[in-house]
Each structure stands twice: as structure tokens, then as C-alpha cells.
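Read off the chains here:
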Amino acid sequence: MTDKPGIVITGASGRMGQMLIKTVLDSDKAELAGVVEREGHDWVGQDIGIAMGGAALGVVVTDDAGSAFAGAQAVIDFTAPQATIAFSKLAAEAGCVHVIGTTGMSEAEIAQLDPAAQDTVLVRAGNMSLGVNLLVQLTKKVAAALDEDFDIEVIEAHHHHKVDAPSGTALMLGEAAAEGRGVALAEVSDRGRDGITGARKKGDIGFSAIRGGDIVGEHDVLFAAAGERIVLRHMATDRAIFARGALKAALWGQGKDAGAYDMIDVLGL
Ligand SMILES: NC(=O)C1=CN([C@@H]2O[C@H](COP(=O)(O)OP(=O)(O)OC[C@H]3O[C@@H](n4cnc5c(N)ncnc54)[C@H](O)[C@@H]3O)[C@@H](O)[C@H]2O)C=CC1
Ligand SMILES: O=C(O)C1=N[C@H](C(=O)O)C[C@H](O)C1
């Protein structure tokens, strides 16, 4: 027995799942309490250490999330929207803090997390890194300081496996820019330009997505006016930054009141 919080990682075989497992194993503040993969995945039933190409760790990959969450203190979940919605219910039932890194969720899907946040601590962010969350605050400040003579564009680049666009981070940055300007992003968002689009509408916030190779994640917020440009940039070169942030959130959430939180809350920015 130990008094360290037990953490369950979902999406164990994924790019982030494996990074999260390593991060928890390397931490002296948390224990790996379980690992979950989707039904039918090759790794289900295998020891996670062996599945990841190392020595046995005594933790077997399961597709039974409810059983894995029972007795744990937190679930860190970087999977897919429908899986995350299902996990939110199970995490709330088990009394686990639920840290959600999954992106690509629609507004309707995000709303389906609300019941769980009534019962447990739910921390959700499209980017768990310190650098991006600081950039969010800087973006808000710069947008508030400039008027609509500065066109705002969010440009992001990611690896060729990424399935959603704009990225969760790009949307966080767009929201921050809109908030700084005192407008609703939904009213000014300009996504997916193609063909004869007409001239840029003043006040719009534009999004562009690049997909290629093994790019971990790069985000620029461009403020472009006549005669000058400001660029705020974050470049991720290692997924460990997201995993460290997620573990920090899981530990931060212990003993907090039930509710929906983000990384700005966790980092106190
Ligand atoms: N918020 C943040 O800081 C970050 C968020 N992400 C997001 O995390 C998510 C995952 O990214 P990657 O690891 O690159 O993707 P990935 O495709 O490598 O991994 C996703 C994993 O989830 C598993 N999965 C899907 N449905 C499941 C279910 N019902 N039960 C259990 N496991 C299930 C898949 O089998 C896969 O192993 C994406 O939405 C991505 O945008 C990624 C990096 C940082
Ligand atoms: O899918 C990824 O890889 C990433 N997803 C997050 C996003 O959608 O912004 C965070 C990071 O950029 C990596």
C-alpha cells in the first residue's frame, strides 16, 4: 500500500498513452494503477511493460475501464471524443479526477461532459503544456491591446497522423484572441479557405492547418497590420511536455471540489 495517487492511463498504446505511462512510472509522486485500451486491441491482456518493449511491470492492459478506474484516484485520458465521454461517466462513478487531453470534440460532445463535472474534478485542455497556456494568456493581452486594423490568424502544424483540425491548441488560441477583443469566436471564426473566398473580412480570426511528417505541434498567432506584424509562437519538440502537464493536473485535482477546470487553473496563470 502507498499513499501516492493511483493513475489510470487510457489509450495506452497511443503516442500520448505511451508517453503518459513513462511519465507516471518516472514520477515519485504517483503510481501507475492501470492501463486501458479499446476492445479488440492487440495489447489487451498483455503486461504493459512487455507491450511497450521492456520488462514486465505487473500491470495488465484491460478494455474494462470501469474495473480499472475502481480504486484509482485519477484517469488521464488522451483518446478520442466518444471514448472520452464514456470515460467521464465511469471516472465520476469511481470518484476519479478526470484529466482530458482529447481534442476534436464538438460543442455538443463537450456538453456531454457536464454531468460528470457535477460529481468529480474534470480538467480539460486542448494543450497541457506550460508554454502554450502562457501563450494563451499572452494572446489575450495582445489582442486586447490592438484594434481590428490587426488581422489575427492562427497557424498550426502537426504530424500526418493527426485527425482533427484546427488543433485543440489553435482553438484555445483563437478563443483567447476573441476574448481579448471582446467578441465571440463563433461569430468571427474563418476556417478552411478555398477557392474564390472574397477579401478577408475585418475582425475575422482565421485558422490554417499544416499536416506533415512527425511535427509534434507548432502554433503561431499572427497579428498583421499595414506596415508591421507581430507573431507569437510556440514550438513543441517533445510530447513529454503534454504528459508532464497532464500528470500535474491529476495531482492538482486531488481533494479539489467537483467542477470543470482547465490548465490555466492548474498552473495558476
Ligand atoms: N491536450 C494535449 O496537450 C494534447 C492532446 N492530444 C490529443 O490526444 C488525443 C490522442 O492523441 P495521440 O496519442 O497522438 O493519438 P493516438 O491515435 O496515437 O492514440 C489514441 C489512442 O486511444 C485509443 N482509444 C481510442 N478509443 C478508445 C477506447 N474507446 N478505449 C480505450 N482506448 C481508446 C486508441 O486505440 C489509441 O491507442 C488526440 O485527440 C490529440 O489531439 C495530443 C497531444 C497533446
Ligand atoms: O494531436 C496532437 O499531436 C496534438 N494535439 C493537441 C492539439 O490538438 O492541439 C496538442 C498538441 O498540439 C499535439
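Residues numbered from 1 in each chain as written. Chains lettered and ligands numbered in written order. Predicted model: local features only at pLDDT ≥ 70, side-chain atom pairs only at ≥ 80, totals over all residues. Heavy atoms only, no water.

Colleague: When you look at the sheet that holds strand β11 (residues 228-236) in this model, what are you seeing that I'm missing?
Modeller: Strand pairing in a sheet is mediated by backbone hydrogen bonds. Such pairs are either parallel or antiparallel. Spatially, 5 strands are ordered β8-β9-β7-β10-β11 in an open sheet, and the strand pairing comes out mixed. Bordering the open sheet on either side are β8 (189-191) and β11, each of which pairs with just one other strand. The sheet shows a mean angle of 20° between the axes of neighbouring strands, direction not considered. Summarising the sheet, strand β7 (residues 151-158) and strand β10 (residues 217-225) pair through 7 bridges and their orientation is antiparallel. The residue bridging I152 from the neighbouring strand is F223, located in β10. (Pairing = 2+ DSSP bridges. Helix = DSSP H or I, 4+ residues; strand = E, 2+ residues; numbered from the N terminus. Axes fitted to C-alpha atoms, helices over the stretch in contact; angles between N-to-C directions.)

Colleague: Even after reading the chapter, I still don't get the domain arrangement of the chain, so can you show me in this structure?
Modeller: Interface size is commonly expressed as the accessible surface area that is lost when the partners come together. Assigned domains within the chain: domain 1 (6-124 + 239-267) and domain 2 (130-236). Between the C-alpha centres of domain 1 and domain 2 there is a distance of 28 Å. Of the residues lining the interface, 9 residues belong to domain 1; the matching set on domain 2 comes to 12 residues. Summed over both sides, the interface between domain 1 and domain 2 buries roughly 860 Å², with carbon and sulfur atoms accounting for 64% of that surface. Inspection of the domain 1/domain 2 interface yields 3 residue pairs in polar contact (both at pLDDT 80 or more). Looking at the side of domain 1 that touches domain 2, the elements that each hand over two or more residues are α10 (240-252) and α11 (263-267). It is α11 that contributes the most residues to the side of domain 1 that touches domain 2, 3 residues altogether. Of the residues contributing to the side of domain 1 that touches domain 2, the split by class is 5 nonpolar, 2 polar and 2 charged. (Domains from an automatic or database assignment. Contact = heavy atoms within 4.5 Å. Buried area = accessible area lost by both parts, 1.4 Å probe. Polar contact = N/O pair within 3.5 Å; in protein donor to acceptor, adjacent residues only side chain to side chain. Nonpolar A, V, L, I, M, F, W, Y, C, P; charged D, E, K, R; others polar.)

Colleague: How do you make sense of α10 when you look at a structure like this?
Modeller: Because an α-helix packs 3.6 residues into every turn, residues spaced three or four apart end up facing the same way. Between its first and last C-alpha atoms α10 spans 18 Å; for 13 residues at 1.5 Å apiece the expected length is 18 Å, and the two agree. Among the residues of α10, those classed as buried are A240, F242, A243, G245, A246, L247, A249 and A250. (Expected span 1.5 Å × (residues − 1). Buried < 20%, exposed > 50% of the residue type's maximum accessible area, 1.4 Å probe, protein only.)

Colleague: How should the pairing of strand β2 (residues 31-36) be read in this particular structure?
Modeller: Consecutive side chains of a regular strand alternate in pointing toward one face of the sheet and then the other. Where strand β1 (residues 6-10) lies against β2, 5 bridges are found, and the strand directions are parallel. Each bridged residue has a counterpart across the sheet, and for G6 the counterpart in β2 is E31. Taken together, β1, helix α1 (residues 15-26) and β2 constitute a β-α-β crossover, and its handedness is right-handed. Summarising the sheet, β2 and strand β3 (residues 61-62) pair through 2 bridges and their orientation is parallel. Residue V35 lies in a different strand from β3, and its bridge partner there is V61. (Right-handed = clockwise from strand over helix to strand, strands pointing away.)

Colleague: Explain the packing of α1 against α10 to me, please; I cannot follow it from the model alone.
Modeller: Between two packed helices, what matters for the description is the angle formed by their axes and the separation of those axes. Orientation of α1 relative to α10, taken along the N-to-C sense of each, is 60°, at an axis distance of 9 Å. Looking at the two axes, α1 sits oblique to α10. The element α1 and its partner α10 pack so that their crossing is right-handed. Side by side, α1 and α10 meet where M16, M19, L20, T23 and V24 of the first sit next to A240, F242, A243, R244, A246 and L247 of the second. (Parallel < 35°, antiparallel > 145°, perpendicular 65-115°, else oblique. Left-handed = near helix turned anticlockwise from the far one by under 90°.)

Colleague: Looking at this structure, I do not really get the sheet that holds strand β6 (residues 121-124). What am I missing?
Modeller: The strand order β3-β2-β1-β4-β5-β6-β12 describes an open sheet built from 7 strands, whose pairing is parallel. Looking at strand neighbours, the two that pair on one side only are β3 and β12 (259-261), the edges of this open sheet. As judged from the 4 bridges shared by β1 and strand β4 (residues 74-77), these two strands associate in the parallel manner. When the sheet's bridge partners are listed, T10 is paired in β4 with D77. Its contacts with the sheet put helix α4 (residues 81-94) on β1, β2, β4 and β5 (97-100), and the angle it makes with β5 is roughly 165°. Contacts from α10 reach β1, β4, β5, β6 and β12, with the element oriented near 155° to β5.

Colleague: Help me understand the site of ligand 1 in this model?
Modeller: In the neighbourhood of ligand 1, 21 residues make up the surrounding shell, with M16, E37, T103, M128 and K162 lying closest. Between ligand 1 and G14, the relevant distance is 3.2 Å, taken from an oxygen atom to a main-chain nitrogen or oxygen of the residue. For the shell around ligand 1, the elements supplying multiple residues, two or more each, are α1 and α4. Considered class by class, the residues forming the shell around ligand 1 number 7 nonpolar, 9 polar and 5 charged. (Near = heavy atom within 4 Å.)

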